[in-house]
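If you want the building blocks of each chain, they are given just below.
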Amino acid sequence: MNEEKKSVVTKFLSRRILLLIQLIISIVFLGYIYYLKMLPMKYYLILVGIIALLWFFMSFFIKYGIKKKKKENKYGMLIFSKLLSLVLSISLIIVSVMAFKGNSFLSNITGSLTQTRVISLYVKKESKYKKLSDIQKDLKKMKVGIASEKGTKNINTAIAEMEDATGEEFKTKDYKDYSALGDAIDAGKIDVAVVDNSYSALLEANHEGMDDGLRSLYQVEIEEQVQSVTQKTDVTEKPFIVYLTGIDTYGTVSAISRADVNLAVCVSPKQKQILMISIPRDTQVNLHRNGKMDKLTHSAMYGIDETISTIEDFLELKVNYYAKTNFSGITNIIDALGGVTIDSPYSFKTLHGNYKIVKGKNEMDGNKALCFVRERHALPNGDFDRGRNQQRLLKAMISKAISPKIITNYSQILQAVEGCFETNMTSDEIKSLVYMQLDDMAKWETFNVQLSGDPEISYKTYSMKGKKCYTMVPSKKSLNSIIKIINKVENGERIKEKEYQTCDTGRYDARYGRI
């Protein structure tokens, strides 16, 4: 029996079998790399040449080892050559698996055409109700608060599912608007409320931070189609604009919610220039849907398509694609990267998490970094400084992502991003950009511009009419100069140093620089 096993192993480790295995794996590997269409042909042919040379080298090496064994009865060279062939085959398998994971990852985060409306059953965190089953026995004698100001269709759909889950019928009390519902929750007039999370900003109208003081006992997710408002283009030949947003939620990245981060990224593939325009969340804009004045962050409550259309009207541009992440995405990615180092110009304590930030370098994990970029009240220039901190975090993440750490944590990083980031760009479009960059290996210039303006307390925003809102009135000079430079990018013209510096206007100085 042992002799039979030894014979099988000997046959498996024979020169012909090992070289055949290496040949098959090499062909599969090269075929898959070609299928990905990310490697320029000149590099692909070099790769083919290297793989072929390795195969011929191993064929010669193993053959030489066999001769060495026969002539001198020495096995060392033969064993080493066969082990090397196995190692090369295994290495090609590992690289192929990594490439497959990367391709699957691209497929999963691209082509997004839906968004999710999340309806939650809330109680206060200090409530005695810790889970859904806890309220079942009390539902018959309690009122469930709702607000009908934005419609009741989705609320009623969610309540029907919650009734099925509890086996009890809900007795609702309509407070009409979300701010009144927030008042009732804060005053303890109701124990339970059903809230459309996309309007959580309205719930906090008179109680900032209320969202952090609530516990969700049950959630209903309603999937909606994103209205097609973007216009695709040839990303390697023509300038294109990506709207990059970060929403203030955990969980599903497709959730409809306020937009805390708003960046218009203008890319010129021919000029090799990127213009990143940061628009403060509190900027006064006219909603595309009705022309009414509101804060930019509020536009996202009506869907990402509304925010895109509103920004297009505001900056007089055409958005080609969007990309979206959320709180979960930021924390997961940073933790997968092993944390980041951020240089803060100020010392302060964050409202969320109560983290102490020192002036100078700060080592941050995902949660600390998230609280850092959410803070505005403790900063001298409020939302302007928050915008700069968001840019500092982005630079720190890019710096960490291009370090050797991304190789050692490859799988963890892909898992962290997947489900927390989405875009309507196709995987083929992203691959074509990678192909272009590998083909010309060009250096890119990146310009960072922040819209300036003056702070204003307003009671006239569309979404919170009559309620106190902190807003920013955009500087006309700053806005017009930004629109002018966007037009240059869209026309395929090159941005000059003096042109983007003219955008620095407004009550607070915006900061610019290449990254």
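Note that the structure is a prediction, hence the values are computed from the model and not measured.

Student: Any details on the packing of helix H2 (residues 15–36) against helix H4 (residues 76–109)? Residues and values, ideally.
Tutor: Between H2 and H4, the shortest axis-to-axis distance is 10 Å and the interhelical angle comes to 20 degrees. If you check the angle between H2 and H4, you find them roughly parallel. Seen along the crossing, H2 lies across H4 with a hand that is left-handed. The residues of H4 that touch H2, namely those facing Arg-15, Leu-18, Ile-21, Gln-22, Ile-25, Ser-26, Phe-29, Tyr-32, Tyr-35 and Leu-36, are Lys-82, Ser-85, Leu-86, Leu-88, Ser-89, Leu-92, Ile-93, Val-95, Ser-96, Ala-99, Phe-100 and Asn-103. A per-class count over the contact of H2 with H4 returns 14 nonpolar, six polar and two charged.

Student: Go over the sheet that holds strand E11 (residues 321–326) with me, naming the residues and quoting the values.
Tutor: Here six strands make up an open sheet; going across it, the order is E16-E11-E6-E7-E8-E17 and the pairing mixed. With one partner strand each, in any of the chains shown, strand E16 (421–423) and strand E17 (445–450) form the two edges of the open sheet. On average, each strand axis in the sheet is inclined to that of its neighbour by 15 degrees, with strand direction left out of account. Note that strand E8 (residues 273–278) and E17 share six bridges and pair parallel. Across the sheet, Met-276 pairs through a bridge with Asn-448, a residue of E17.

Student: Requested: an account of the pattern of salt bridges, with residues and values cited.
Tutor: Two side chains carrying opposite charge are able to pair once their charged atoms lie near each other. This model, assessed by the stated rule, comprises 20 salt bridges. Between Asp-196 and Arg-117 there is a salt bridge; the shortest N-O distance is 3.0 Å. On the criterion of sequence distance, the pair formed by Asp-196 in strand E4 (residues 192–196) and Arg-117 in strand E1 (residues 114–124) is long-range, its members being 79 residues apart. The exposure class assigned to Asp-196 is buried, which follows from its relative accessible area of 4%. Among the salt bridges present, the one from Arg-117 reaches Glu-224, with a minimum N-O distance of 2.7 Å. Taken together, the residues span a long stretch of sequence, with Arg-117 in strand E1 and Glu-224 in strand E5 (residues 214–225) at a distance of 107 residues.

Student: Explain the side chain of His-352 to me, and be specific about the residues and the numbers.
Tutor: Within the secondary structure layout, His-352 lies in the loop between strand E13 (348–349) and strand E14 (356–357). His-352 sits in the buried class, given a relative accessible area of 19%. A polar side-chain atom of His-352 sits 3.4 Å from a polar atom in the side chain of Arg-374. Not counting residues up to four positions away in its chain, the partners in contact with His-352 are Asp-212, Cys-371, Arg-374 and Glu-375.

Student: Talk me through unusual backbone geometry; I want residue IDs and the actual numbers.
Tutor: A positive phi is found at Lys-272, a non-glycine position, where the angle reads about 55 degrees. Along the chain, the position of Lys-272 falls in the loop between strand E7 (259–268) and E8. The phi dihedral of Glu-316 falls on the positive side, at around 55 degrees, and the residue is not glycine. Here Glu-316 is to be found in the loop between helix H10 (304–315) and E11.

Student: An account of the confidence of the model for the chain is needed here, citing residue identities and associated values.
Tutor: Of the residues in the chain, 92% reach a pLDDT of 70 or more, and the chain-wide mean stands at 86. Low pLDDT, under 50, characterises residues 4–9; the stretch is placed with zero contacts to residues that sit more than four places away or in other chains. The low-confidence segment residues 505–515 (pLDDT under 50) makes 40 contacts with residues lying over four places distant or belonging to another chain.

Student: So what about helix H7 (residues 178–187)? Which residues, and what values?
Tutor: Every buried residue belonging to H7 is among Tyr-178, Ser-179, Leu-181, Gly-182, Ala-184 and Ile-185, and all of these are buried. On its buried face, H7 sits against E1, strand E2 (143–146), helix H6 (153–166), E4, helix H8 (200–203) and E5. Once H7 ends, the next one or two residues include Gly-188, with phi positive near 75 degrees.

Here is what the cut-offs are and how they apply
Residues numbered from 1 in each chain as written. Predicted model: local features only at pLDDT ≥ 70, side-chain atom pairs only at ≥ 80, totals over all residues. Heavy atoms only, no water. Axes fitted to C-alpha atoms, helices over the stretch in contact; angles between N-to-C directions. Helix = DSSP H or I, 4+ residues; strand = E, 2+ residues; numbered from the N terminus. Parallel < 35°, antiparallel > 145°, perpendicular 65-115°, else oblique. Left-handed = near helix turned anticlockwise from the far one by under 90°. Contact = heavy atoms within 4.5 Å. Nonpolar A, V, L, I, M, F, W, Y, C, P; charged D, E, K, R; others polar. Pairing = 2+ DSSP bridges. Salt bridge = Lys/Arg side-chain N within 4 Å of Asp/Glu carboxyl O. Buried < 20%, exposed > 50% of the residue type's maximum accessible area, 1.4 Å probe, protein only. Polar contact = N/O pair within 3.5 Å; in protein donor to acceptor, adjacent residues only side chain to side chain. pLDDT = per-residue confidence, 0-100.

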